[in-house]
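Analysis of the macromolecular model
Here is what each chain is made of, one letter per residue.
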Amino acid sequence: MLDAKFYDTLSRLRLRMSHRSSRNLSGSRKSVKKGISAEFSDFREYMPGDDLRRLDWNVFARLDRPYIREYMEEKEAVVSVLVDTSASMDFGAKNKAELAKDLAAVTGFLALANMDRLRLYDMRDMGRALSVGGGKNGFPKVLSWLENLVFSGESDVFSAVRKMPAAGSGATVVISDFLHRDMLNEDGKQYEKFLQYLNYRRQRPVILHTLAGEELCTALDGTFRLIDAETQDELRLTVDSTAASWYETKCRRMIERMKKGCRGAGGSYVLCSTERDRNQLVFQDLREIYDS
């Protein structure tokens, strides 16, 4: 995991949201409800029972009618973080699973540091989420949960998202390699439907596409017996420069499709390579997921 100095720098940032909060718990996000925080929102006519201290006497003097000043109420948003724990994530000389845990720690810390409600999900066990609130004091629970994750078997990111319980508006962070058959088929629509579903649920999608360096640029040359880490299916394959070039082209097209779709849905897509230095990845590459 990352060190204390790293988190001290991280504490100056916060996740970007696309919807105002609709929850009733106190926090640091602007709510759709009116309250008594310091940020002015609007005027409305005085009604019996209103607090006279909020009466605007300047408006009353001009219009000869009493008006109340309204302010935006700050509420807690929900940040849902889904971690792909399938066997394909346990791969790479620089392991994807370790990077996924670091990314979940980063986004979880940001949520708690800004007094949001954090929900952590293991995609292979969506029925048991870790729900943490109360600020940074809850962060040790996050680290403990992440350390105990097991990466094995199969998972389906698209069906996992639909199993999340309703939680009001907020952000959904998906950490996965997206090695799904539909992603290899340029005519496949599951990814787009997945983004539409998040938008319908008033969730800002944050896609952290986690890939190993070997998956982005293959050095294979020769004949190999490949074994699917999740299904154990076997494939005998001969790889030459033409096949490697074809693979890398398909990979780039998938990345561009994912980036375009996510941004079109009002979200953020970031390619997270295991080869990238953690500080550069978090403080440079991930800058678009933060409030400016």
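Every value quoted in this text rests on a predicted model; they were computed, and no experiment measured them.

Within the chain one finds ten helices and ten strands. Put simply, the chain has 292 residues, and 46% of those count as buried. Long-range pairs, those at least 24 residues apart, make up 74% of the contacts in the chain with a sequence separation of at least 6. About 15300 Å² of surface is accessible on the chain, with carbon and sulfur atoms providing 49% of the total.

Turning our attention to the nonpolar core. Side chains of nonpolar character tend, in soluble globular proteins, to be buried together. Among the nonpolar cores identified, the biggest contains 44 residues, and L10, V81, L208 and L286 are the most heavily contacted of them. Per element, the largest residue contribution to this core is eleven residues, and it comes from helix α3 (residues 96-113). Beyond its immediate sequence surroundings of up to four residues, L286 is in contact with L103, L208, V270, C272 and L281. The next biggest cluster of nonpolar side chains, apart from the first, holds 24 residues, and it includes L82, M123, F194 and C251.

So, about the pattern of salt bridges. Per the counting criterion, the structure on display carries 13 salt bridges. K96 is the salt-bridge partner of E215, the closest N and O atoms lying 2.8 Å from each other. Residue E215 is located in helix α8 (residues 213-216), and its partner K96 is located in helix α3; the two are separated by 119 residues in the primary sequence. Both residues of the pair, E215 and K96, belong to the buried class.

The next subject is the sheet that holds strand β6 (residues 170-176). In a beta sheet, neighbouring strands are held together by backbone hydrogen bonds and run either parallel or antiparallel to one another. A sheet is described by the order of its strands in space; here six strands give the open sequence β5-β4-β3-β6-β7-β10, paired in mixed fashion. Each edge of the open sheet carries a strand with a single partner, namely β5 (130-132) and β10 (268-273). This sheet shows a mean twist of 15° between the axes of neighbouring strands, independent of strand direction. For strand β4 (residues 117-122) and β5, the ladder comprises three bridges, and the chain directions are antiparallel. Along β5, the bridge assignment pairs L118 with V132.

We now examine unusual backbone geometry. Look at M115: it is not a glycine, yet its phi comes out positive at around 60°. With respect to the secondary-structure elements, M115 resides in the loop between α3 and β4. The backbone of F178 shows a phi angle near 55°, a positive value even though the residue is not glycine. Along the chain, F178 turns up in the loop between β6 and α6 (181-184).

This next bit is on the confidence of the model for the chain. In this model, the chain carries a mean pLDDT of 85, and residues with pLDDT of at least 70 account for 86%. Per-element confidence in the chain ranges from a low mean pLDDT of 51 for strand β1 (residues 26-45) to a high of 98 for β10. Low confidence marks residues 20-37, where pLDDT is under 50. Its contacts with residues over four positions away, or in another chain, come to 74 contacts.

It is worth spelling out helix α7 (residues 190-200) at this point. Every buried residue of α7 is accounted for by Y191, F194, L195, Y197 and L198. Projected down its long axis, α7 carries its buried residues within an arc of 160°, all on one side. Along α7, exposed side chains directed more than 90 degrees from the buried face belong to K193, Q196 and Y200. Buried residues along α7 sit against α5 (157-162), β6, α6, β7 (203-211) and α9 (241-264).

One pass over the full model with this rule turns up ten aromatic pairs. Look at F6 and F283: their rings are 5.1 Å apart centre to centre, the planes differ by 50°, and that puts the pair in the tilted class. In this pair, F6 sits in helix α1 (residues 4-10) while F283 sits in helix α10 (residues 278-283), placing the two residues 277 residues apart along the sequence. Judged by its relative accessible area of 5%, F6 is buried.

The bond known as a disulfide is covalent and runs between the sulfur atoms of two cysteines. For the coordinates displayed, the defined rule picks out zero disulfides. Summary of cysteine pairing: C251 is not part of a disulfide, and the nearest cysteine sulfur, belonging to C217, is at 9.8 Å.

Here helix α4 (residues 139-147) has its buried residues at F139, V142, W145 and L146. In a view along the axis of α4, the buried residues occupy a sector of 115°, so they form one face of it. Turned more than 90 degrees off the buried face of α4, the exposed positions are P140 and K141. On the buried face of α4, the contacting elements are α1, β3 (78-83), α3, β4 and β5.

Cut-offs and rules
- Residues numbered from 1 in each chain as written.
- Predicted model: local features only at pLDDT ≥ 70, side-chain atom pairs only at ≥ 80, totals over all residues.
- Heavy atoms only, no water.
- Helix = DSSP H or I, 4+ residues; strand = E, 2+ residues; numbered from the N terminus.
- Buried < 20%, exposed > 50% of the residue type's maximum accessible area, 1.4 Å probe, protein only.
- Contact = heavy atoms within 4.5 Å.
- Areas by Shrake-Rupley, 256 points an atom, 1.4 Å probe, with all protein chains shown as cover.
- Core = buried A, V, L, I, M, F, W, Y, C linked by side-chain atoms within 4.5 Å.
- Salt bridge = Lys/Arg side-chain N within 4 Å of Asp/Glu carboxyl O.
- Pairing = 2+ DSSP bridges.
- Axes fitted to C-alpha atoms, helices over the stretch in contact; angles between N-to-C directions.
- pLDDT = per-residue confidence, 0-100.
- Arc of directions from axis to C-beta.
- Phe/Tyr/Trp six-rings, centres within 6.5 Å; stacked < 30°, edge-to-face > 60°.
- Disulfide = S-S within 2.5 Å.

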